[in-house]
Each structure stands twice: as C-alpha cells, then as structure tokens.
Amino acid sequence: MMGSWWLKKKKRGEAKLKSFAAKIIQLLKEWTETFPYDFQDEKSMKELKEIAHRITQCDEENGTVKKIISQMTQNLLVTLSARNQYQEIREKFRQPVTDKGAILKTKPQSSQKDILSVCCDPLVLAQQLTHIELERVSNIYPEDLMQIVSHVDSLDNHKCRGDVTKTYNLEAYDNWFNCLSMLVVKKKQRTRIVEFFIDVARECFNIGNFNSMMAIISGMNLSPVARLKKTWSKVKTAKFDVLEHHMDPSSNFCNYRTALQGAAQRSQMAHSSREKIVIPVFNLFIKDIYFLHKIHTNHLSNGQINFKKFWEISRQIHDFMTWKQVECPFEKDKKIQSYLLTAPIYSEEALFIASFESEGPENHMEKDSWKTLRTTLLNRA
C-alpha cells in the first residue's frame, strides 16, 4: 500500500518536472530566436549550455528534450554566424572615421554623374530608395533596439559600454540617412535637381517610406543648399511646403505621427505588399524608445514592476519588427541602386565651397566663412 503511494507520488513529481522543463525549453527557444545576440559572448553561451544540460537530465529516457535543445543551439549558432558575416561585409565598405577628414580636401567634381543621368523618374527613384531602406531595416533586430535601453541604464549606473558591435546595425542605418541627405546636394542643374528630389520625397511619402522622405528634406535644409536664394527663387516650392508641413517638428512631430498612424492602419488592412510598406523616421523612432525608458521608472511607487512602460516599449518594437518583414514589391534596378550606394558623399565643408562657387557670399558672415574655406584649401594644396 505504502509502496503504491510512493510510486504515484514519484510519477506526479516526474510529470511536474517534465512540464517545468517543457516551459523552460519554450522560454529558451523564444529567447534565442528573438534575441540571439544575447548569446554572442562566451559567458552567455556557457550559461545557456549549462541550463540546457540540466534540462536534458529531466528526460534521459527517450532523449526528446536533448534533440530539441541540440536543434535550438544549432539554429542559434547559424543565426549568429550569418549576422557576423553580414557585419564583416559591411565593414569592408564602411568608411573609417580617420578617412572623414581626407574627403574634405576635394570638392564635388562637375564631371561626376548626377542623379538625373541615372534616373529621371521620381517614382522609380523612390521605389529604389525603398528597396535600400527595407534591406537596411531587415538587419536590425530587437536586441539592437534594446541596446538603447541598456545604454541608458549603463550611463545611469556610471558604467561605460564600449560594445560597438551590438549597435553596428543601428549605426549603419543612421549613416545611410546621412548619406542620402548629402546626396541631395549637387552643383549642376540645381533648380532641376531640387525640384526632382521634392517629387521623389513626395513619392516616398505616398509609398510609406518616411525615412527617405525625411532624409531628402533634411538635405534640402542643409545650410549649403538653403542659402541658394537664386536657385530657390526658380523652384516651385508649393510641393516642398506640403512636405515640410508633414515633417513639422512642432508638437513633437504631430503631423508626421498622424501620417505614420495612417500608414500603419493601411498596412494592417492591406491586401498587397505595396500597401503594407511602413518605414518610420528612424531617428524619431529611436528617440521615442529612449524617452519612454528614460522618463518612466521601471518600478511603480508601491514597488511593483511598471508593466505599462515595458508593454509600450515592446509594442513599438513589435510594430517595427512587423514593418521590416514586408517584402519590397518593386523591381530592383541595379544601376540606380549602385549609384545611390556608391556615389561620393562630401562633407559639409566641401559642400559649402560648391555652394559659394554657385552663388557667392551675400553678407559679412558668409564672406568670412568663404575666406576661411579658401585659406584652408590653400594650406592643403
């Protein structure tokens, strides 16, 4: 009688242990699939293997758990390897910080191709920009975004994080925004180029590619371009005024957020990939996550976890992850993409030189700047 009772108790204990093990396995599986970079260092991988080893002991008879753990670990290693390869490829094309100064010694050459010689259709260029945007965001993962939260916590705790690798995907995407902004600035056919890019920005807005749209507007608002009064006097600015209205920074970019919400709703009800495209202004998206984490505390006044805060951060990251999975429906044009990705990008100093050569300085401040720039050029010669 007693032996039967102990046997039943033992079986119930084993059943509970297996149930617990199954839940731990599910947790680890979701963790390694969603945040694989959490396990890129040896210490984290070692801890994962130790936990996996303990769980496999719960099912030593048929080895089912061992097979699941083995497959999970293999998938994790494949994912980490693929991402490392991507970073290595990007690193080859990445301009070292030390080279940034070297590009100042030259100015935009008149012999170089302008965008109109490569693509004269604003819609086609907007579609190719969308291709590049979606390719860039496809390499951004939840853990990249969570590094923002981690970085804030490190600063709050007076710790210095030097892990550049984890934030490389964010940095690469941010660099693309800056490059596109600079690409708008060209010396030849200034009026036509400006009007062309205004139309491109409008097409980007219609597609749902807000990041490229903002980059183009930012490029046009750069001082070397904004100061070209003769050029702007010939430009039909009504379209540009509408675009600037959408990106008006007042009330925390209220107009843009309304447009983004509309694009998100369209994406949810979409029946085609064209309608599903939503590419937010990435810098604003990052700032939203930063301030959500910075302003709201992790714990409520009663000591409980502030789930509302973490739910909101999770919701925004989930939306971004959903948007980045959309397959670009537009046909890829290698010639146009090659130009967009390889066209030389010049510093603001070099662009000011081209700007002053196009339209001379008009006031004392501009004259002093032009004089300083020419002196710099002579010293480098």
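These numbers come from a predicted model, not from an experiment.

Here is what the cut-offs are and how they apply
Residues numbered from 1 in each chain as written. Predicted model: local features only at pLDDT ≥ 70, side-chain atom pairs only at ≥ 80, totals over all residues. Heavy atoms only, no water. Helix = DSSP H or I, 4+ residues; strand = E, 2+ residues; numbered from the N terminus. Buried < 20%, exposed > 50% of the residue type's maximum accessible area, 1.4 Å probe, protein only. Contact = heavy atoms within 4.5 Å. Areas by Shrake-Rupley, 256 points an atom, 1.4 Å probe, with all protein chains shown as cover. Core = buried A, V, L, I, M, F, W, Y, C linked by side-chain atoms within 4.5 Å. Arc of directions from axis to C-beta. Polar contact = N/O pair within 3.5 Å; in protein donor to acceptor, adjacent residues only side chain to side chain. Salt bridge = Lys/Arg side-chain N within 4 Å of Asp/Glu carboxyl O. Phe/Tyr/Trp six-rings, centres within 6.5 Å; stacked < 30°, edge-to-face > 60°. Lys NZ or Arg CZ within 6 Å of the ring centre and 35° of its normal. Expected span 1.5 Å × (residues − 1). Axes fitted to C-alpha atoms, helices over the stretch in contact; angles between N-to-C directions. Left-handed = near helix turned anticlockwise from the far one by under 90°.

Q: Help me understand the overall build of the chain in this model?
A: Looking only at helices and strands, one finds 18 helices and 0 strands in the chain. Counting every position in the chain, which comprises 381 residues, the buried fraction comes to 40%. For the chain, contacts bridging at least 24 residues in sequence account for 79% of all contacts bridging at least 6. Total accessible area on the chain is roughly 22700 Å²; 55% of this is exposed by carbon and sulfur atoms.

Q: How should the nonpolar core be read in this particular structure?
A: What tends to happen in soluble globular proteins is that the nonpolar side chains get buried as a cluster. Formed by 71 residues in total, the largest nonpolar core has its most connected members in Leu125, Leu145 and Phe197. Not counting residues up to four positions away in its chain, the partners in contact with Phe197 are Ile115, Leu125, Leu183, Val184, Ile216 and Met220. Counting residues in hydrophobic clusters, the runner-up holds 14 residues, among them Leu28, Ile69, Met72 and Leu80.

Q: Just checking my understanding: could you explain helix H16 (residues 334–342) for this structure?
A: Count 3.6 residues to each turn of an α-helix, and residues three or four apart come out pointing the same way. If you check which residues of H16 are buried, you get Ile336, Gln337, Tyr339 and Leu340. Relative to the axis of H16, the buried residues are bounded by an arc of 160° and lie together on one face. Seen from the buried face of H16, the exposed residues on the opposite side, beyond 90 degrees, are Lys334, Lys335 and Thr342. If you check the start of H16, you find a side-chain oxygen 3.1 Å away from the backbone N of Lys335, and it comes from Asp333.

Q: When you look at the pattern of salt bridges in this model, what are you seeing that I'm missing?
A: Two side chains with opposite charge may pair up if their charged atoms get near one another. Counting across every chain of the model gives 9 salt bridges. The salt bridge partner of Arg136 is Glu135, with a shortest N-O separation of 2.7 Å. Between Asp319 and Arg315 there is a salt bridge whose closest N-O contact spans 3.1 Å. Of the two residues, Asp319 and Arg315 both sit in helix H15 (residues 307–324), 4 residues apart, roughly one turn of that helix. Through salt bridges that share partners, Glu312, Arg315 and Asp319 make up one connected network.

Q: Explain the packing of aromatic side chains to me, please; I cannot follow it from the model alone.
A: When we look at a pair of aromatic rings, we describe it by the centre distance and by the angle of the planes. Throughout the structure, instances matching the rule amount to 12 aromatic pairs. Between Phe210 and Tyr256, the ring centres sit 5.7 Å apart and the planes meet at 80°, which makes this aromatic pair edge-to-face. Taken together, the positions of Phe210 in helix H8 (residues 210–220) and Tyr256 in helix H12 (residues 250–268) put the pair 46 residues apart, joining distant regions of the chain. Grouped by ring-pair contacts, the aromatic residues Tyr173, Phe282, Phe285 and Phe320 constitute a single cluster. In this arrangement the basic side chain of Lys324 is found over the ring face of Tyr141, its NZ or CZ atom lying 4.1 Å from the centre.

Q: What am I meant to see in helix H7 (residues 190–207) here?
A: The end-to-end C-alpha distance of H7 is 26 Å, a good match for the 26 Å that 18 residues give at a rise of 1.5 Å each. Along H7, the residues classified as buried are Thr191, Ile193, Val194, Phe196, Phe197, Ile198, Val200, Ala201, Cys204 and Ile207. Remark: Gly208 follows H7 within two positions and exhibits a positive phi of approximately 110°.

Q: Explain the packing of helix H4 (residues 122–137) against H16 to me, please; I cannot follow it from the model alone.
A: In a pair of packed helices, the angle between the axes and the distance between the axes together describe the arrangement. At a minimum axis distance of 10 Å, the contact between H4 and H16 shows a crossing angle of 65°. When the axes of H4 and H16 are compared, the crossing they make is right-handed. Contacts from Val124, Leu125, Gln128, Leu129, His131, Ile132 and Arg136 of H4 reach H16 at Ile336, Gln337, Leu340 and Leu341.

Geometry only, nothing functional implied.
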